[in-house]
Amino acid sequence: MEQNTLITIDNLVKRFPVGKGEFTALNGINLTINPGEFTGIVGPSGSGKTTLLNIIGSLDNATEGDAVVMGESTSNLSLKSAAKLRRKHLGFIFQTYNLLPVYTVYENVEFPLLLLNMSGAERKKAVMDALNWVGITDKVKSRPAQLSGGECQRVAIARAMVKKPVIVLADEPTANLDAANSHNILKMMLKLNEELKTTFIFATHDDKVIKYLKRKISLEDGKVVKDELTKVKGE
Amino acid sequence: MLAIKLAYRNLVGAGLRTWLNVIVLAFVLFMIIWHYGILDGWNEQANRDMQAWEVGNGQYWQENYDPYDFFTLEDSHAEIPDVLQKATVEGIVTPILLTQASVYPDGRIQSMLLKGIKPDQKVIAIPSAELNIESEEIPAVIGKRMAKNCKLKVGDITTIRWRDINGTFDAAEVKIVNVFDCNVPSIDGGQMYIHINTLQKMMQAPNEATMFIIGEDYDMSEDISGWVYKEFDFLMTEMNEMMKMKKVGGSFMYFILMLLAMLAIFDTQVLSIFRRQKEIGTYIAMGMTRTQVVSLFTVEGAMHAILAVIFIGIVGTPLLIWLMSIGMTMPAGTDDMGIAIADTIYPVYGAGLIIGTSLLVFVITLIVSYLPARKISKMKPTDAIKGKIQ
């Protein structure tokens, strides 16, 4: 593993049981991802994007091979260690936002910091900073049901970024957003990537996202078919 | 600590759903405390009344006396021993002489227990002073139940018949000089009180008694030949056993109430785990361990009980105090059960009752919250995040 490498994926295979047989979602994936990348795993539905993202995020295990994230082999991680990796170093952004419905915007963004046992004052500063980054400081007391889709996703980004994670894993982050909101969200993430040097990894088939990517890893039937550096066109 | 903080947030955020559960639990808690309070209050009142009207601080029984066998009455009286004679003069014990008799109110016949008592006694609350009234007939005092059954009232004259120690029947007229009102049926129904000296003469048993009721300050260290000491607790055994039975009967109602409340909590928890799968997946994605998530859901459920206790503390306490001040009016005829029971029972809430009941509700809530929460540990986080029913 190169010293600079953040994620190393080595001959990764993931199979799911389907009826009496098995479905191979990922078939021999080899990849390395370096710090500060703004990378997308792209491909049609069923190509294995989300599965790969879940394994990198230690939410799922490989059937064969390994994904080493920040020096930790996700195949050998205990549930507790995997939780610790996610808690400290990983941020997640989901297609359906996954905000906690009974919490306010402030409480949703504060949540990851509670898990890190940060003091109240530190939490408050970090939450306000994160809400500032995404420009939603006027909605701190609103609940998710009172927000638009774009606003919800901005809160989800603030929640993922508030602890300044090393890696942010975003699964179809713009799938439920209109074009204008998608562009705003992606510009914001690109800015955070540049300012905070956070590594972003997207799973997407949305062209609006793809044109913002600096690296595009194409998957088809569970295999990497293309891995290319791209010029950001969205700006 | 984190689980408590998050559980509190979740409960407050859940709004009406939380409060409905809390109110159901609080109602159960309130009912248990109030009902047990009534039983404890009843017990206290019955103890107090029975001590004041019937058993005193203990009794000496003539060795042949058996209150459950009326045939023993003929042989269960003996001469008053010196030591008890002295105590009687001092007013710290009072002798009672018993015999079977019949009364003829309006020509009807009714069996009764005729009791001889000293008019100047102060050991029990029977209004015996009026037995000193000068009258051609024998002055007699009866209780309200006896008066009701025999349709007798103050001033009425009626015939009584008894047998002396030789077995000879005799009869005399008695005049009702007082009808007393007391909560202890066992000293009232089918009983009539006359001057002990009169009864001794009637029975040809001078200076004899069947039992002595002991007042305060009596030294019971001395054994008295021919007389058996019965301590207060023994005399209250029947009453206490009856109260225990009442509590056991009441427990069945609490069990059903508790079951309903726990069903509500269990139902909420099970529903939560299905409905909040996405939330559970999100917790795990953000770095909570499965144990932390299970703890969070368990604490959330158990916190219903804590909120219920706080709710009772704020809303229920004034209500319980108010109920304690007005008491509970017992329906007419309740004292037919034979237990000392006042017209109004005032509940008594002990610290043990409140803390014990709250702890019981808390522990049971904790268990029913934990059981469905265990299911979380079997969830696949990747499916949970998407909210897939598993």
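Our structure's up above, just so we're on the same page.
Residues numbered from 1 in each chain as written. Chains lettered and ligands numbered in written order. Predicted model: local features only at pLDDT ≥ 70, side-chain atom pairs only at ≥ 80, totals over all residues. Heavy atoms only, no water.

*Asks:* So, the interface of chain B and chain A: which residues are in play, and what are the values?
*Replies:* Across the boundary between the two partners, chain B contributes 24 residues, which contact 28 residues of chain A. Across the chain B/chain A interface, buried area totals approximately 2200 Å², and carbon plus sulfur atoms make up 65% of it. In this structure, the connection of chain B to chain A is made through two salt bridges. Measuring nitrogen to oxygen at the nearest pair gives 2.5 Å for the salt bridge that ties Glu110(A) to Arg9(B). Scanning the region where chain B abuts chain A turns up seven residue pairs in polar contact (both at pLDDT 80 or more). When residues in the side of chain B that touches chain A are grouped by element, the largest group, seven residues, is from helix α1 (residues 2-14) of chain B. Split into classes, the residues belonging to the side of chain B that touches chain A amount to ten nonpolar, seven polar and seven charged. (Contact = heavy atoms within 4.5 Å. Buried area = accessible area lost by both parts, 1.4 Å probe. Salt bridge = Lys/Arg side-chain N within 4 Å of Asp/Glu carboxyl O. Polar contact = N/O pair within 3.5 Å; in protein donor to acceptor, adjacent residues only side chain to side chain. Helix = DSSP H or I, 4+ residues; strand = E, 2+ residues; numbered from the N terminus. Nonpolar A, V, L, I, M, F, W, Y, C, P; charged D, E, K, R; others polar.)

*Asks:* Quick rundown of the sheet that holds strand β4 (residues 64-69) of chain A? Include the residues and the values.
*Replies:* Residues and elements named next belong to chain A. Spatial strand order, β2-β1-β4-β5: four strands in an open sheet with antiparallel pairing. In the strand order of this sheet, the two ends are held by β2 (21-33) and β5 (72-73), each with one partner. Two strands pair when backbone bridges link them, and β4 and β5 are joined in this way by two bridges, in the antiparallel orientation. Along β5, the bridge assignment pairs Val 69 with Glu 72. Contacts from helix α1 (residues 49-56) reach β1 (7-18), β2 and β4, with the element oriented near 120° to β1. (Pairing = 2+ DSSP bridges. Axes fitted to C-alpha atoms, helices over the stretch in contact; angles between N-to-C directions.)

*Asks:* Got a sec to walk through the pairing of strand β8 (residues 199-204) of chain A? Specific residues and values, please.
*Replies:* All names here are of chain A. A large share of β8 lies buried, amounting to six of its six residues. Burial along β8 is two-sided: the face carrying Thr 199, Ile 201 and Ala 203 and the face carrying Phe 200, Phe 202 and Thr 204 are both buried. With five bridges connecting them, strand β3 (residues 38-42) and β8 associate as parallel partners. Within β8, the position partnered with Thr 39 by the bridge is Ile 201. At this point the chain moves from strand β7 (residues 167-171), through helix α6 (residues 179-196), to the parallel β8, and the crossover so formed is right-handed. (Buried < 20%, exposed > 50% of the residue type's maximum accessible area, 1.4 Å probe, protein only. Right-handed = clockwise from strand over helix to strand, strands pointing away.)

*Asks:* Talk me through the environment of Thr357(B); I want residue IDs and the actual numbers.
*Replies:* Residue and element names in this part refer to chain B. Along the chain, the position of Thr 357 falls in helix α10 (residues 351-373). Between the C-alpha atoms of Thr 357 and Leu 29, which are 328 residues apart in sequence, the distance is 7.0 Å. With residues near it in sequence (within four places) discarded, Thr 357 still touches Leu 29, Ile 32, Ile 33 and Gly 352.

*Asks:* Can you tell me about the packing of aromatic side chains, naming the residues and giving the values?
*Replies:* This structure, assessed with the given rule, holds twelve aromatic pairs over all chains. Relative to Phe202(A), the ring of Phe38(A) lies with its centre 5.0 Å away and its plane at 65°, an arrangement referred to as edge-to-face. Taken together, the positions of Phe38(A) in strand β3 and Phe202(A) in strand β8 put the pair 164 residues apart, joining distant regions of the chain. Like Phe202(A), Phe38(A) is buried. On the basis of an interplanar angle of 5° and a centroid distance of 5.9 Å, the ring pair of Phe92(A) and Phe94(A) is categorised as stacked. Phe92(A) sits in the buried class, given a relative accessible area of 8%. A cation over a ring is seen here: Arg161(B) above Phe169(B), with NZ or CZ 4.2 Å from the ring centre. For the cation-ring pair, Lys230(B) lies above Phe234(B), with the distance from its terminal atom to the ring centre recorded as 4.7 Å. (Phe/Tyr/Trp six-rings, centres within 6.5 Å; stacked < 30°, edge-to-face > 60°. Lys NZ or Arg CZ within 6 Å of the ring centre and 35° of its normal.)

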